[in-house]
Amino acid sequence: MKSTSALLIVDVQNDFCPGGSLPVPEGDRVVPLFNRYIELFRERKLPIIASRDWHPAITSHFRDFGGIWPVHCVQGSEGARFHPDLALPDDAIVISKGQDPAQDAYSAFQATTGNGVPFLQLLKELGITKLFVGGLATDYCVKESVLDGLRHSLAVILLEDAVRGVDLTPGDSARAIENMVVAGAVRMNFSRLQADL
Ligand code: VGL
Ligand code: ZN
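Computed from a predicted structure; not experimentally measured. (Residues numbered from 1 in each chain as written. Chains lettered and ligands numbered in written order. Predicted model: local features only at pLDDT ≥ 70, side-chain atom pairs only at ≥ 80, totals over all residues.)

A. Focus on the overall build of the protein chain. Helix and strand counts for the protein chain stand at five helices and seven strands. Secondary structure elements of the protein chain, listed N to C terminal, follow the sequence β-α-β-β-β-α-β-α-β-α-β-α. By the compact-globule yardstick of 16 Å for 197 residues, the protein chain fits well, its C-alpha radius of gyration being 15 Å. Seen through its principal axes, the protein chain has C-alpha atoms that stretch 50 × 40 × 30 Å. Burial analysis of the protein chain (197 residues in total) assigns 43% to the buried set. Of all intrachain contacts in the protein chain linking residues separated by at least 6 positions in sequence, the fraction that spans at least 24 positions is 73%. (Helix = DSSP H or I, 4+ residues; strand = E, 2+ residues; numbered from the N terminus. Rg over C-alpha atoms; globule rule 2.2 N^0.38 Å. Buried ≥ 20, exposed ≤ 12 C-beta atoms within 10 Å, placed from the backbone. Contact = placed C-beta atoms within 7 Å.)

Written out as structure tokens, the structure reads:
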């Protein structure tokens, strides 16, 4: 891992975990894995970025207003908080997406920092050219974030042991992984990453 690498943790929020309003099957299983990845990136002083879905109460993203999803990750709600066991360091960079009531905004590249800096600009400012990505959900936000990263000519590593999918249609997650790999993403897991270092 060069100093140009960063960890991107996609939407590990209560509403996407069992007990939440849009639970991803086994969504909470990514948490212990991420805690190991976080430790590894911290040891190497590499940036850790966590995206969050951050919707207004009324948005075309929600079923009641023309979208396909139940209400989830409403700004400031308990469901929008990161999973309580996710050991995000204090200096992790949080980026938010989905605030526009007219957009789904699945990709982290539609997110901004608390200061309104777009994600791509943040990556450029930090000199990041390689993104290690996992999180929820494989077939939505992870997929769109990975594909956008590749479109922006970043190297993208998919942390396959730290993703889970919605699978509205059975097989969606497996197909999403295939799409990401065809587009240029490299599959990785914790033991292989550790061995590579
Ligand atoms: C997501 C569905 C709706 C995600 C967000 O984070 O993958 N999925 N909103
Ligand atoms: Zn959403």
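Next, the rest of the story.
B. Structural detail: the UniProt feature "domain: Isochorismatase-like" (unreviewed entry) in the protein chain. UniProt's entry tags residues 5-185 with the feature "domain: Isochorismatase-like" (unreviewed entry), counted in the numbering of this structure. When the span residues 5-185 is considered, its composition is 26% helix and 20% strand, and the gap between its end C-alpha atoms is 14 Å. (UniProt positions renumbered as here; feature names shortened; annotations may be inferred.)

C. Quick look at helix α4 (residues 172-182). What α4 keeps buried is the set Ser173, Ala176, Ile177 and Met180. Angular distribution of buried residues about the axis of α4 spans 100°; they occupy a single face of the element. Those residues of α4 that are exposed and angled more than 90 degrees off the buried face are Glu178 and Val182. Contacts made by the buried residues of α4 are with α3 (138-151) and β6 (155-164). Among the residues trailing α4, Gly184 stands out with phi positive, at a value near 120°. (Arc of directions from axis to C-beta.)

D. Spotlight on the sheet that holds strand β2 (residues 48-53). The sheet built from seven strands is open, its strands ordered β4-β3-β2-β1-β5-β6-β7 with mixed pairing. Whereas interior strands pair on both sides, the edge strands pair on one side only; in this sheet they are β4 (112-113) and β7 (186-188). Two elements, strand β3 (residues 93-97) and β4, share two bridges in a ladder whose sense is antiparallel. Across the sheet, the residue bridging to Ser96 is Thr112, located in β4. (Pairing = 2+ DSSP bridges.)

E. Molecular detail of the environment of Thr113. Residue position: Thr113 is located in strand β4. With 41 residues separating them in the primary sequence, Thr113 and His72 have C-alpha atoms 20 Å apart. Excluding residues within four positions of it along the chain, Thr113 makes contact with Ile93, Ile95 and Leu122.

F. Quick look at the site of ligand 1. Every residue close to ligand 1 is listed here: Asp11, Asp53, Trp69, Tyr106, Leu136, Ala137, Tyr140 and Cys141. In terms of residue class, the shell around ligand 1 is built from six nonpolar, no polar and two charged. (Near = placed C-beta within 6 Å. Nonpolar A, V, L, I, M, F, W, Y, C, P; charged D, E, K, R; others polar.)

G. Representation of the environment of Leu86 within the structure. As for its position among the elements, Leu86 is in the loop between β2 and β3. Looking at Leu86, the number of C-beta atoms within 10 Å reads 20, which means it is buried. C-alpha of Leu86 to C-alpha of Leu122: the two residues are 36 residues apart in sequence and 23 Å apart in space. The residues contacting Leu86, other than those within four sequence positions of it, are Val12, Val31 and Phe34.

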